[in-house]
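# Topology and contacts: notes
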Amino acid sequence: MAAITVPRRQLFIGGQWTEPVRRKTLPIVNPATEDIIGYIPAATSEDVELAVEAARKALTRNKGKDWAKASGAVRARYLRAIAAKVTERKSELANLEAIDCGKPLDEAAWDMDDVAGCFEYYADLAEGLDAKQKAPLSLPLDTFKGYVLKEPIGVVGLITPWNYPLLMAVWKVAPSLAAGCTAILKPSELASVTCLELADICREVGLPPGVLNVLTGLGTEAGAPLASHPNVDKIVFTGSTATGSSIMTSAARLVKPVSLELGGKSPIIVFDDVEIDKAVEWTMFGCFWTNGQICSATSRLLVHERIADEFLDKLVKWTKNIKISDPFEEGCRLGPVVSKGQYERVLKFISNARNEGATVLCGGTRPEHLKKGYYVEPGIISNVTTSMEIWREEVFGPLLCVKTFSTEDEAIHLANDSQYGLAGAVLSNDLEKCDRVSKALEAGIVWVNCSQPCFTQAPWGGTKRSGFGRELGEWGLENYLSVKQVTQYISDEPWGWYKPPSKL
Ligand SMILES: NC(=O)c1ccc[n+]([C@@H]2O[C@H](COP(=O)([O-])OP(=O)(O)OC[C@H]3O[C@@H](n4cnc5c(N)ncnc54)[C@H](O)[C@@H]3O)[C@@H](O)[C@H]2O)c1
Ligand SMILES: NCCCC=O
Ligand code: NA
């Protein structure tokens with residue numbers, strides 16, 4: 001593998017690389033080697049102040065005509081230029097993503113295609129927005145006519161996690177810019193490198209200054225002041241349920257809207273009529289893809305008791321065959337988890353499960369051939385009860401817990417036995433059964449005969465403690481638009497409610 005140099009960047013504020021006011025930095029750690037491979041700037045409330053000012057200025061510059069009130073077609077040109085640059089720099093960006101967060105290089109490369117595709121998609125929607133303006137309202141009185149304007153919400157704060165460092169950011173940046181908002185992006189301190197490169201791309205394509213600002217730094221020092229800033233009109237957040245709740249609390253004080261994409265503990269239901277090998281592979285992909293660090297991971301397997309022994313036997317064999325290696329090694333299918341903290345957290349889940357009486361069928365330990373790096377062998381845990389931590393809490397690592405069921409009703413009951421409601425999967429050759437289960441699952445996303453494939457066109461988000469609001473698709477654009485009604489009185493007659501004063 002050729003040496004990868006991580007560019008040294010500053011905060012991106014008002015179109016300029018800007019040193020943090022307090023000159024703080026944070027190390028960039030490669031989770032595969034535990035080495036420090038560079039530093040990111042660490043913003044604090046003073047930098048948040050500057051970024052909010054820059055974003056506000058960009059929103060109102062030239063009375064808004066340069067961005068917020070420009071046509072969607074104008075903004076679409078920038079989005080397409082960004083997409084083209086991402087594609088041009090795909091290999092470099094994928095390398096940086098893999099070295100920063102530990103995901104296999106093949107996955108990081110796939111993410112970069114999704115990033116470019118997301119900008120292209122929202123460029124189309126930005127163009128489409130022009131035609132949707134002034135949509136007429138059908139009113140019951142012919143003395144009135146009305147229409148609807150869709151306007152950008154304003155300055156938005158975008159706070160994102162580390163599992164898809166650039167993609168999760170772009171799910172927010174692309175639609176917010178398409179809508180005409182200006183934005184301040186605060187990526188995760190554990191993996192910010194590619195978001196700073198996105199800033200560089202915005203600079204390269206000449207995005208008007210202040211339209212996108214990137215503040216790297218800690219959640220408490222940079223994220224919290226952004227969330228509570230009175231001049232930020234909306235916060236859109238992806239991350240843990242605990243942080244989401246604290247963001248919502250501070251936003252509530254200012255009656256600031258929020259969209260929250262939070263955690264999950266999603267079920268995958270495998271009925272007894274499936275092709276076992278095919279179902280085994282989707283079960284693995286559902287939980288071990290992205291090193292098991294997907295909010296929508298189907299990490300609770302419910303398998304029909306009639307096939308359970310054969311299914312688990314094969315699942316364990318296939319799982320032991322997963323190539324665990326440095327993300328840059330050819331054919332890697334599982335890299336390290338993102339950080340030391342996360343590594344220790346995953347191991348703790350395993351020991352707690354054991355202590356509570358569960359059986360570890362495989363994995364959950366450091367692979368013998370990897371002495372350094374935050375590697376955990378993918379684990380499968382059976383003999384689980386519904387009161388155990390491993391059943392109830394999100395691990396955000398490669399651990400799958402298993403229960404069996406005997407009837408469809410029991411499977412649905414177990415599937416919905418969670419505070420979360422992000423996703424769910426159902427695998428069966430009986431499509432009517434899949435339909436019934438899809439309707440019964442308490443979740444925002446349901447996969448049938450697969451788990452995890454995700455398309456920019458389809459709405460993404462959860463119910464229950466997994467949050468609210470939808471990203472992606474047309475719903476993703478609506479997140480950043482405010483709806484204004486304009487109602488016009490068109491009669492020649494006076495309104496006639498009050499008596500005119502007598503003419504003396
Ligand atoms: N629903 C989804 O689409 C989705 C997608 C990816 C990840 N996730 C969830 O994200 C979590 C893992 O990500 P994480 O560990 O980065 O989550 P996290 O909540 O720790 O951090 C997310 C972001 O919030 C920031 N932050 C932390 N404390 C903050 C505060 N007090 N105020 C403002 N910002 C703050 C962090 O710096 C980071 O940028 C998991 O729970 C996972 O399920 C959800
Ligand atoms: N494929 C993207 C899934 C994002 C959530 O973690
Ligand atoms: Na890192």
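Residues numbered from 1 in each chain as written. Chains lettered and ligands numbered in written order. Predicted model: local features only at pLDDT ≥ 70, side-chain atom pairs only at ≥ 80, totals over all residues.

An unreviewed UniProt entry lists the protein chain under the name aminobutyraldehyde dehydrogenase, from Arabis alpina. As stated in UniProt under Pathway (unreviewed entry), the record for the protein chain gives "Amine and polyamine biosynthesis; betaine biosynthesis via choline pathway; betaine from betaine aldehyde: step 1/1." Database annotation for the protein chain, UniProt heading Sequence similarities (unreviewed entry): "Belongs to the aldehyde dehydrogenase family." (UniProt positions renumbered as here; feature names shortened; annotations may be inferred.)

## Details of the nonpolar core
Counting residues in hydrophobic clusters, the biggest one holds 156 residues, and the most contacted among them are Leu-79, Phe-119, Tyr-122, Ile-269 and Val-270. Tallying contributions element by element places helix H4 (residues 105-132) first for this core, with 13 residues. No fewer than three residues from each of domain 1 (11-262 + 466-487) and domain 2 (267-448) sit in this core. When residues no more than four places from it in sequence are discounted, the contact partners of Leu-79 are Phe-119, Tyr-122, Ala-123, Ala-126, Ala-174, Leu-177 and Ala-178. (Core = buried A, V, L, I, M, F, W, Y, C linked by C-beta atoms within 7 Å. Buried ≥ 20, exposed ≤ 12 C-beta atoms within 10 Å, placed from the backbone. Helix = DSSP H or I, 4+ residues; strand = E, 2+ residues; numbered from the N terminus. Domains from an automatic or database assignment. Contact = placed C-beta atoms within 7 Å.)

## Section: the UniProt feature "active site" (unreviewed entry) in the protein chain
Taken from the UniProt record, the annotation "active site" (unreviewed entry) applies to Glu-261. The class for Glu-261 is buried, based on 28 C-beta atoms found within 10 Å.

## Some details on the domain arrangement of the protein chain
One frequent convention defines the size of an interface as the accessible area lost when the parts assemble. Per the domain assignment, the segments making up the protein chain are domain 1 (11-262 + 466-487) and domain 2 (267-448). Between the C-alpha centres of domain 1 and domain 2 the distance comes to 31 Å. Facing 18 residues of domain 1, the contacting portion of domain 2 comprises 22 residues. Contributions of two or more residues to the side of domain 1 that touches domain 2 are made by helix H3 (90-101) and H4. Here the side of domain 1 that touches domain 2 is built from residues that sort into 10 nonpolar, 4 polar and 4 charged. (Nonpolar A, V, L, I, M, F, W, Y, C, P; charged D, E, K, R; others polar.)

## Observations concerning the pairing of strand S7 (residues 155-159)
Across the 5 residues of S7, 5 count as buried, placing the element largely inside the fold. Side chains Val-155, Gly-157 and Ile-159 project from S7 onto one buried face, and the interleaved Val-156 and Leu-158 project onto a second face that is buried too. As defined by bridge partners, S7 adjoins strand S8 (residues 182-186) across 5 bridges and the pair is classed as parallel. Bridging from a neighbouring strand, Leu-158 pairs with Leu-185 of S8. The parallel pair S7 and S8, bridged by helix H5 (residues 165-179), forms a crossover whose chirality is right-handed. (Pairing = 2+ DSSP bridges. Right-handed = clockwise from strand over helix to strand, strands pointing away.)

## Details of the site of ligand 2
By nearness alone, every residue bordering ligand 2 is listed as Asn-163, Tyr-164, Ile-294, Cys-295, Ser-296 and Cys-454. Among the residues forming the shell around ligand 2, the class breakdown is 4 nonpolar, 2 polar and no charged. (Near = placed C-beta within 6 Å.)

## Here's the deal with the sheet that holds strand S5 (residues 135-137)
Pairing within the open sheet is antiparallel, and its 3 strands lie in the order S5-S6-S22. Among the strands making up the open sheet, the edge pair consists of S5 and strand S22 (481-489). Within this sheet the neighbouring strands show an average axis-to-axis angle of 30°, counted without direction. As defined by bridge partners, strand S6 (residues 144-152) adjoins S22 across 9 bridges and the pair is classed as antiparallel. What sits directly across from Phe-144, in S22, is Tyr-489. (Axes fitted to C-alpha atoms, helices over the stretch in contact; angles between N-to-C directions.)

## Section: the site of ligand 1
Inspection of the region around ligand 1 gives 30 residues, with Gly-219, Gly-223, Gly-239, Thr-243 and Cys-295 positioned closest. At the level of elements, helix H7 (219-227) and helix H8 (241-253) are the ones that each hand at least two residues to the shell around ligand 1. Sort the elements by how many residues they give to the shell around ligand 1 and H7 lands first, with 5 residues. Taken together, the residues that form the shell around ligand 1 break down as 12 nonpolar, 14 polar and 4 charged. When residues of the shell around ligand 1 are sorted by domain, at least three fall in each of domain 1 (11-262 + 466-487) and domain 2 (267-448).

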